[in-house]
Amino acid sequence: MKLPSGGIKLIKKAVIPVAGLGTRFLPATKATPKEMLPIIDKPAIQYIVEEAVDSGLQEVVLITGRGKDSIIDHFDVSGELEYYLENRGKKDLLKLVRDISNLAKIIAVRQKKPLGLGHAVLCAKEVVGEEPFALLLGDDMVDTNPPLTKQMIELFLKHQKAVIALRRVPDDQTHLYGIIEGDEVAEGVFQIREIIEKPKPGTAPTNLAIIGRYILPPQIFTILENLQPDPVSKEIQLTDGLLKLARQKNLYGFVFSGDRYDIGDKFGFVRATVAYALKDPQLGNKLRSFLDEVL
Ligand code: UTP
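The residue numbers shown here count from 1 along each chain, following its written sequence. Only residues with pLDDT of at least 70 are given local features in this predicted model, and only at 80 or more are side-chain atom pairs given and counted; all residues enter the totals for whole chains, interfaces and linings. As a convention, hydrogens and water are excluded, and side-chain values are obtained from all of the structure's heavy atoms.

A.B. asks: Help me understand the overall build of the chain, please; the structure alone is not making it clear to me.
C.D. replies: Numbering of helices and strands runs from the N terminus; a helix is a DSSP stretch of H or I covering at least four residues, while a strand is a stretch of E covering at least two. Across its full length, the chain holds 11 helices and 13 strands. Taking 295 residues into account, the globule formula puts the C-alpha radius of gyration at 19 Å, and the chain, at 20 Å, falls close to it. Classification of residues uses two cut-offs on accessible area relative to the type maximum, computed with a 1.4 Å probe and protein chains only: under 20% is buried, over 50% is exposed, and between them is partly exposed. Among the 295 residues that make up the chain, the fraction classed as buried is 48%. Excluding contacts between residues fewer than 6 apart, the proportion of contacts in the chain whose partners are at least 24 apart in sequence is 76%. When the accessible surface of the chain is totalled, it reaches about 15400 Å², and 52% of it is carbon and sulfur. Separation of charge centres in the chain, based on 39 positive and 39 negative side chains, amounts to 3 Å. For the radius of gyration, the atoms used are the C-alpha atoms, and the globule rule reads 2.2 Å times the number of residues raised to 0.38. Throughout, a contact is declared for two residues whenever any of their heavy atoms are within 4.5 Å. In this description, accessible areas are obtained by the Shrake-Rupley approach with a 1.4 Å probe, and a residue is regarded as covered only by the protein chains that are shown. Charge convention: Lys and Arg are scored as positive, Asp and Glu as negative, and His as well as the terminal groups of each chain are ignored. Charge placement uses NZ in Lys and CZ in Arg. For Asp and Glu, CG and CD serve respectively.

A.B. asks: Can you help me understand the pattern of salt bridges in this one?
C.D. replies: Close approach of charged atoms allows side chains with opposite charge to pair. Any carboxyl oxygen of Asp or Glu within 4 Å of a side-chain nitrogen of Lys or Arg constitutes a salt bridge here. What the rule picks out here adds up to 19 salt bridges. We note a salt bridge from arginine 193 to aspartate 183, for which the minimum N-O separation is 3.0 Å. Of the two residues, arginine 193 is situated in strand β10 (residues 189-197) and aspartate 183 in strand β9 (residues 178-186); the sequence distance between them amounts to 10 residues.

A.B. asks: Help me understand the nonpolar core, please; the structure alone is not making it clear to me.
C.D. replies: What tends to happen in soluble globular proteins is that the nonpolar side chains get buried as a cluster. Judged by nonpolar contacts, the single largest core of 49 residues is most densely connected at Ile16, Ile39, Ile45, Val49 and Met141. Here this core gets seven residues from one element, more than from any other, and that element is helix α1 (residues 44-54). Of all hydrophobic cores here, the second largest spans 37 residues; its members include Val61, Ile180, Leu208 and Ala246. What we call a nonpolar core is a set of buried Ala, Val, Leu, Ile, Met, Phe, Trp, Tyr and Cys residues that are connected through their side-chain atoms within 4.5 Å.

A.B. asks: It is not clear to me how the pairing of strand β8 (residues 162-168) should be interpreted in this structure. Could you clarify?
C.D. replies: Looking down a regular strand, the side chains alternate between one sheet face and the other. Summarising burial for β8: five of the seven residues are buried, a large majority. If DSSP finds at least two bridges between two strands, the strands pair. Relative to strand β11 (residues 208-216), β8 runs antiparallel, the two being bridged by six bridges. Counterpart to arginine 167 in the pairing with β11 is alanine 209.

A.B. asks: I would appreciate a short explanation of the site of the ligand in the present structure.
C.D. replies: The nearness test applies per residue and asks whether one of its heavy atoms lies within 4 Å of the molecule or strand. Close to the ligand lie 19 residues; Gly20, Gly22, Thr23, Gln111 and Gly116 are nearest. We call two N or O atoms a polar contact when they sit within 3.5 Å, provided that within protein one can donate a hydrogen and the other can accept it, with sequence-adjacent residues counted only if both atoms are side-chain atoms. Proline 17 is positioned with one of its backbone polar atoms (N or O) 3.0 Å from an oxygen atom of the ligand. Side-chain polar atom of threonine 23 to an oxygen atom of the ligand: 2.6 Å apart, as the coordinates give it. Polar here means any residue outside two lists: the nonpolar Ala, Val, Leu, Ile, Met, Phe, Trp, Tyr, Cys and Pro, and the charged Asp, Glu, Lys and Arg; Gly therefore counts as polar. Grouping the amino acids of the shell around the ligand by side-chain chemistry returns nine nonpolar, six polar and four charged.

A.B. asks: Mind showing me how you'd approach the environment of alanine 108 here?
C.D. replies: Within the element layout of this structure, alanine 108 appears in strand β5 (residues 105-110). Relative accessible area serves as the criterion here: at 45%, alanine 108 is assigned to the partly exposed category. In contact with alanine 108, other than residues within four places in its own chain, are Leu62 and Ile72.

A.B. asks: Please clarify how the packing of helix α3 (residues 79-87) against helix α4 (residues 91-101) should be interpreted in this entry.
C.D. replies: If you want to describe how two helices pack, look at the angle between their axes and the distance between the axes. It is the contact of α3 with α4, at a shortest axis distance of 9 Å, that shows an interaxial angle of 155 degrees. The pairing of α3 with α4 is recorded here as roughly antiparallel in orientation. The handedness of the crossing between α3 and α4 is left-handed. Every residue of α4 that contacts α3 at Leu81, Glu82, Leu85 and Glu86 is listed here: Leu93, Leu94, Val97, Arg98 and Ser101. For the contact of α3 with α4, the residue count by class is five nonpolar, one polar and three charged. Angles here are taken between N-to-C directions and fall from 0 to 180 degrees, while the axes themselves are lines fitted to C-alpha atoms, restricted in helices to the stretch in contact. Orientation labels follow simple angle bins: below 35 degrees gives roughly parallel, above 145 gives roughly antiparallel, 65 to 115 gives roughly perpendicular, and whatever is left gives oblique. Each crossing is labelled by how the near helix is turned from the far one, with a counterclockwise turn of less than a right angle marking it left-handed and a clockwise turn marking it right-handed.

A.B. asks: Could you clarify how one ought to interpret unusual backbone geometry in this entry?
C.D. replies: Phi is mostly negative for residues that are not glycine, and the peptide bonds are mostly trans. Proline 27 follows leucine 26 through a cis peptide bond whose omega is 5 degrees. Here the bond from asparagine 145 into proline 146 is cis, since omega is 0 degrees, no more than 30 degrees from zero. Here proline 146 lies in the loop between β7 (140-143) and α7 (148-159). One non-glycine residue with positive phi stands out, namely isoleucine 40, at about 60 degrees. Judged by its relative accessible area of 28%, isoleucine 40 falls in the partly exposed class. Even without glycine at this site, lysine 249 takes up a positive phi of about 55 degrees. With respect to the secondary-structure elements, lysine 249 resides in the loop between α9 (238-247) and β12 (251-255).

All quantities given are derived from atomic positions and should not be read as evidence of function.
Structure below.
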């Protein structure tokens, strides 16, 4: 994989797919996108857009679907609300609201049918063009310092290989993830040889699971275009595309330190809420006493 020179600025866009149906979180997600569920007082998607911006990416491509317009509205100017807050002299809240619409340049692309994550990524092809890009899943929150996407961009530029985030998971959970097999080329950095999507319990070759952060070259679009959809689900799987990059020796995995929450899963959402509330200066002590009381 040959990249033009140009340093960190080379990667300018973050693609965030948010078109999934969120069936694991019904009925909450019947009319509300799961990405808009709040972790304390901010919708989950805002944390993810902030991670992209804190990693130097100013252009955010949201792959949306039917019923997901509230996500776009959240990052747009809210004239009526701003007028109301201004008139009442609520300067702090006005700033809070304005900062969200100034956070990033948001570009929305519709995925007309939820035909899988690979298909969602392919919807970004025209907007991304011939550049490498970051892919952040809209329901996967990570809490790392520095931001995980920033660490991965640095690795991408150093090794000139696509990079995906990895996490060690307990042996009894490997069947829930894409699991990789590979060779450790530097501490916590693996050259990936094989990816097994949701291996049967007890058959996973490692416990290194793929998490929703990726730095991908534009070649991934051609790869995805030429993939056959899964015969059962009819979905185009991103994992199949990643495996092709791995076969070309073009895929590294990065085992990151920090916390991760799958907020599309009920327990993941509760874990995120508790963890962020415990860190919150106004809520932390109150929650600690409450937990002591109920436990
Ligand atoms: P998930 O598989 O976690 O999302 O996809 P889902 O399909 O909404 O979840 P469940 O299983 O029904 O609860 C990971 C990310 O990819 C997006 C989702 O919105 C989520 O952010 N996605 C998935 C799309 O944008 N399009 C798709 O066709 C599938």
